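Okay, here's what each chain looks like letter by letter:
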Amino acid sequence: MHPIWWEDGKVVLIDQTRLPHRRENICCSTYREVGEAIRGMQVRGAPALGVAAAFGFVLAAREYANLSRELFHKRLDEVATALAATRPTAVNLFWALDRMQKVAAEYVGTDPHIIANELEKAALELATEDRENNRLIGRFGLQLVCPNACILTHCNAGALATAGYGTALGVIRAAQEAGRVERVYVDETRPLLQGARLTAYELLEEGIPTTLITDSMAGYVLQQGMVDLVIVGADRIAANGDVANKIGTYSLAVLAQANDVPFYVAAPVSSFDFQLTNGAQIPIEERRPQEVTHFRGQPAAPVGVDVFNPAFDVTPAEYITAIITEVGILKPPYKVGIEELKVQSRMKDGNG
Ligand code: MRU
């Protein structure tokens, strides 16, 4: 399953707000429509946001290709700023825009139509790379999954949250392919139910035995010894290994440690923010109160009640047993391994 793809010069995405009951695609012909789809959560999940931003950037390059070279680059800078303002927490969005801007800068002085072609190639490459990285994450992560594993996951870090295959669900898919999965417990993930609507949907499509629980049941399920390992994705990982992910991840990590259950994070290198020394520096998105006061459009709280609706939290590194990436498994102390990742990724980008 691919949640987003490039088709006939347009960006097509599965409208994730309609799943699991309706499978509808949205076709975006402008970067503004892509920005709206990101804000409206029709496309979501850190790596998928990066892919969406990259494709949106290509749409803008096509739109502005008839402008003068100078104006073309000025507009692209404005577009990058506009797309970067859609959602603040997942670093993959900024990483992808930065990568696209570097491609545009490399070709400065060239005909904008040619630059637009190069940007299209770069965006397609970025999406392909993400899918390949997820397969590698799956392969590395498999080492951590015991036979007959019962696994607990939170939110959706699946094919729908990436260019395909998934990060945390990539590991679960690889484990299923290896015959090691007995059951996956899925937190429903309030308030937007990415677990119930998206993860349960993906797992059932794969024929993986799946049990849905509400978020507040996770502690009990862990305490009863029903889970061998917890695995989640990440929206941003700081240089010390602190991880921002969907709200509720921190509570789950604390509960896992209290019950001696390993807690794993699966994420590509594009989810690391090497600039941030710790998780306290990660910007946390706050979303509309209606997401909490209403349940699938139906009011569930008294009118006028104050609401706090952070979409993410930060799990301190000390609760994380290992971080699975496409280049290998990081174990504490994370600072050392993440510093090495930073050096490797700078060398790969030619900034070494
Ligand atoms: O608000 P969302 O649905 O974009 O949040 C998604 C998550 O928190 C995922 O766990 C994370 O992005 C990792 S996706 C591979």
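Residues numbered from 1 in each chain as written. Predicted model: local features only at pLDDT ≥ 70, side-chain atom pairs only at ≥ 80, totals over all residues. Heavy atoms only, no water.

A. Representation of the packing of helix α2 (residues 46-63) against helix α3 (residues 69-84) within the structure. As a packed pair, α2 and α3 sit with axes 10 Å apart at the nearest point and diverge in direction by 150°. Here α2 lies roughly antiparallel to α3, going by the angle between them. For the element pair α2 and α3, the recorded crossing hand is right-handed. Each of Ala-53, Gly-56, Phe-57, Ala-60 and Ala-61 in α2 lies in contact with α3, whose residues at this interface are Phe-72, Leu-76, Val-79, Ala-80 and Leu-83. (Axes fitted to C-alpha atoms, helices over the stretch in contact; angles between N-to-C directions. Helix = DSSP H or I, 4+ residues; strand = E, 2+ residues; numbered from the N terminus. Parallel < 35°, antiparallel > 145°, perpendicular 65-115°, else oblique. Left-handed = near helix turned anticlockwise from the far one by under 90°. Contact = heavy atoms within 4.5 Å.)

B. The arrangement of the site of the ligand in detail. Contacts to the ligand come from 18 residues, most closely from Arg-44, Arg-87, Asp-235, Asn-245 and Lys-246. Between Arg-44 and the ligand, the recorded distance is 2.8 Å, taken from a side-chain N or O atom to an oxygen atom. Note that an oxygen atom of the ligand is positioned 2.8 Å from one of the side-chain N or O atoms of Asp-235. Starting from 410 Å² of accessible surface for the ligand in isolation, the protein chains cover 100%. When atom positions are compared with the pocket grids, the ligand is found to occupy the largest cavity. Of all the secondary-structure elements, those providing two or more residues to the shell around the ligand are α2 and β9 (243-246). Partitioned by chemical class, the residues of the shell around the ligand number eight nonpolar, six polar and four charged. (Near = heavy atom within 4 Å. Polar contact = N/O pair within 3.5 Å; in protein donor to acceptor, adjacent residues only side chain to side chain. Areas by Shrake-Rupley, 256 points an atom, 1.4 Å probe, with all protein chains shown as cover. 1 Å grid on protein atoms, 1.4 Å probe; cavity = no way out; pocket = protein on both sides within 12 Å on 5 of 7 lines; lining within 4 Å. Sits in = over half its atoms within 2 Å of the grid points. Nonpolar A, V, L, I, M, F, W, Y, C, P; charged D, E, K, R; others polar.)

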